[in-house]
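Given next are the chains, with one letter for each unit.
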Amino acid sequence: MPRQLITQQKIAEHVQRLGELYPPISLDSVDRTIKRPDLVVSKYGHVLDYLARVELEVDRNILELLVLLPDVVDTNRMFYADVWQPQEIQHGLILDRLQQDLGRKPAEPHLEVSFKIKILGALANLKPIQEVAKLLYFLTGASTERQAVLAYNQINTGLKELGEDAISETIITPIKQQEPGHFAFYQMSATKMVQHNELKPWQLFLTRVLREKSYNLVGTNAMDKYKADMGGVVVDLGLDDDLAGYAREVGRVEQRLLWAHRQGMDFPPYILKALRESVELYLERGGLNAPEPATA
Ligand SMILES: [Fe+2]
Ligand SMILES: [Fe+2]
């Protein structure tokens, strides 16, 4: 089925609509009633910790974006400055307060830009590399936002089953409504670059190589301790029953844009590999009951 042609105009309209439809969620709008905190903690405590931390890392994502895309255009700036950051930071603050209401430790977001990103950023001063960095950035955004959508859907179903209506209706549902718009922004932006042949074949080739080498699941920051935590999220949400199906969901955009020429491959194998690695690290650590390692 031929896909709609994505233009800069369409992306700009999408961003404007998101800003109008979804103002950042205020902390005051939350009903903090929790019926059975112990049960919520045992089922979703770890997942909520993980999500709160990742949402609060939005400020590092902004720094990364500025490092990677020094020549960022107006629509992108409007998206991250007026829509995305203000929404995500509220997700983080609201989830962080929820986890503290549940008696958990406050989140400790990892706010340092990695050395790898700085290197890529230095290279991105060269225009052709910046285009590669930009496509990688959009693909990362699409993949991580998709993971957020799936996680919030799972948690919401679980919390409703537990009868935790206040958390479901005043926290998870409003957050969950904002994530698909973020996903759509990244998906449209990446699609536009490929549809308009903004990258030459060698640049696309380099994008594939770098993507394969540097793929990370949401919030893992290429660090083993976070990968193990993510393994715990995958297990707690019951996604480990069908890791391949989950990889297919999460990798749909890049499968279409980068790997459509590969016969017999229906999702990028590095995604499944990352999922398996996370679950293995989680199990090796002894699940969630093992003490946290003393050093970070
Ligand atoms: Fe979010
Ligand atoms: Fe998001």
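Everything in this summary refers to the structure shown in the same document. (Residues numbered from 1 in each chain as written. Chains lettered and ligands numbered in written order. Predicted model: local features only at pLDDT ≥ 70, side-chain atom pairs only at ≥ 80, totals over all residues. Heavy atoms only, no water.)

Concerning the overall build of the protein chain
Consideration 1: Helix and strand counts for the protein chain stand at 11 helices and 0 strands.
Consideration 2: Going from N to C terminus, the protein chain has its helices and strands arranged as α-α-α-α-α-α-α-α-α-α-α.
Consideration 3: Seen along its three principal axes, the alpha-carbon backbone of the protein chain occupies a region of about 55 × 45 × 40 Å.
Consideration 4: Looking at the protein chain as a whole, 52% of its 296 residues are labelled buried.
Consideration 5: Here the contacts in the protein chain between residues at least 6 apart in sequence split such that 83% fall between residues at least 24 apart.
Consideration 6: In the form shown here, the protein chain has an accessible surface area of approximately 14,400 Å², with 55% of it arising from carbon and sulfur atoms.
Consideration 7: When the 34 basic and 40 acidic side-chain charges of the protein chain are each reduced to a single mean position, those positions are 6 Å apart. (Helix = DSSP H or I, 4+ residues; strand = E, 2+ residues; numbered from the N terminus. Buried < 20%, exposed > 50% of the residue type's maximum accessible area, 1.4 Å probe, protein only. Contact = heavy atoms within 4.5 Å. Areas by Shrake-Rupley, 256 points an atom, 1.4 Å probe, with all protein chains shown as cover. Lys, Arg positive; Asp, Glu negative; His and termini not counted. Charge placed at Lys NZ, Arg CZ, Asp CG, Glu CD.)

With respect to unusual backbone geometry
Consideration 1: A positive phi angle, close to 50°, is found at Asn197, a residue other than glycine.
Consideration 2: Within the fold, Asn197 resides in the loop between α7 (165–195) and α8 (201–214).
Consideration 3: A residue is classified by how much of its surface remains accessible, and Asn197, at 63% relative accessible area, is exposed.
Consideration 4: The phi angle at Ala222 is positive, at roughly 55°, despite the residue not being glycine.
Consideration 5: For Ala222, the position within the fold is in the loop between α8 and α9 (224–236).
Consideration 6: For Ala222, a relative accessible area of 39% puts it in the partly exposed group.

Focus on the coordination of the iron ion (ligand 1)
Consideration 1: Within the protein, Glu55 (OE), Glu55 (OE), Glu88 (OE), His91 (ND1) and Glu179 (OE) serve as the donor atoms for the iron ion (ligand 1), at 2.0 to 2.3 Å.
Consideration 2: Along the chain, the residues donating to the iron ion (ligand 1) are arranged with the sequence spacing E-x32-E-x2-H-x87-E.
Consideration 3: In this model, the iron ion (ligand 1) sits 3.6 Å from the iron ion (ligand 2), the two metals being bridged by Glu88. Residue Glu55 is found in helix α2 (residues 37–56), and its partner Glu88 is found in helix α4 (residues 74–101); the two are separated by 33 residues along the sequence.
Consideration 4: We classify Glu88 as buried; its relative accessible area is 4%. (Donors = N, O, S within 2.8 Å, 3.2 Å for Na, K, Ca; no water.)

So, the nonpolar core
Consideration 1: Among the nonpolar cores identified, the biggest contains 87 residues, and Leu95 and Ile171 are the most heavily contacted of them.
Consideration 2: The element contributing the most residues to this core is helix α6 (residues 127–161), with 15 residues.
Consideration 3: What Ile171 contacts, discounting residues up to four positions off in sequence, is Val30, Ile94, Leu95, Leu98 and Ala166. (Core = buried A, V, L, I, M, F, W, Y, C linked by side-chain atoms within 4.5 Å.)

A closer look at the coordination of the iron ion (ligand 2)
Consideration 1: Protein ligation of the iron ion (ligand 2) involves Glu88 (OE), Glu145 (OE), Glu145 (OE), Glu179 (OE) and His182 (ND1), the donor distances falling in the range 1.9 to 2.7 Å.
Consideration 2: Mapped onto the sequence, the donors of the iron ion (ligand 2) take the spacing E-x56-E-x33-E-x2-H.

Overview of the packing of α4 against α7
A pair of packed helices is characterised by two quantities: the angle between their axes and the separation of those axes.
Consideration 1: It is the contact of α4 with α7, at a shortest axis distance of 11 Å, that shows an interaxial angle of 155°. Overall, the two elements α4 and α7 adopt an arrangement that is roughly antiparallel. Every pair of crossing elements has a handedness; the one defined by α4 and α7 is left-handed. Between α4, through Asn76, Phe79, Trp84, Gln87, Glu88, His91, Ile94, Leu95 and Leu98, and α7, the contact on the second element is made entirely by Ile167, Ile171, Ile172, Ile175, Gln178, Glu179, His182, Phe185 and Tyr186.
Consideration 2: Residues of the contact of α4 with α7, tallied by class, amount to 11 nonpolar, 5 polar and 2 charged. (Axes fitted to C-alpha atoms, helices over the stretch in contact; angles between N-to-C directions. Parallel < 35°, antiparallel > 145°, perpendicular 65-115°, else oblique. Left-handed = near helix turned anticlockwise from the far one by under 90°. Nonpolar A, V, L, I, M, F, W, Y, C, P; charged D, E, K, R; others polar.)

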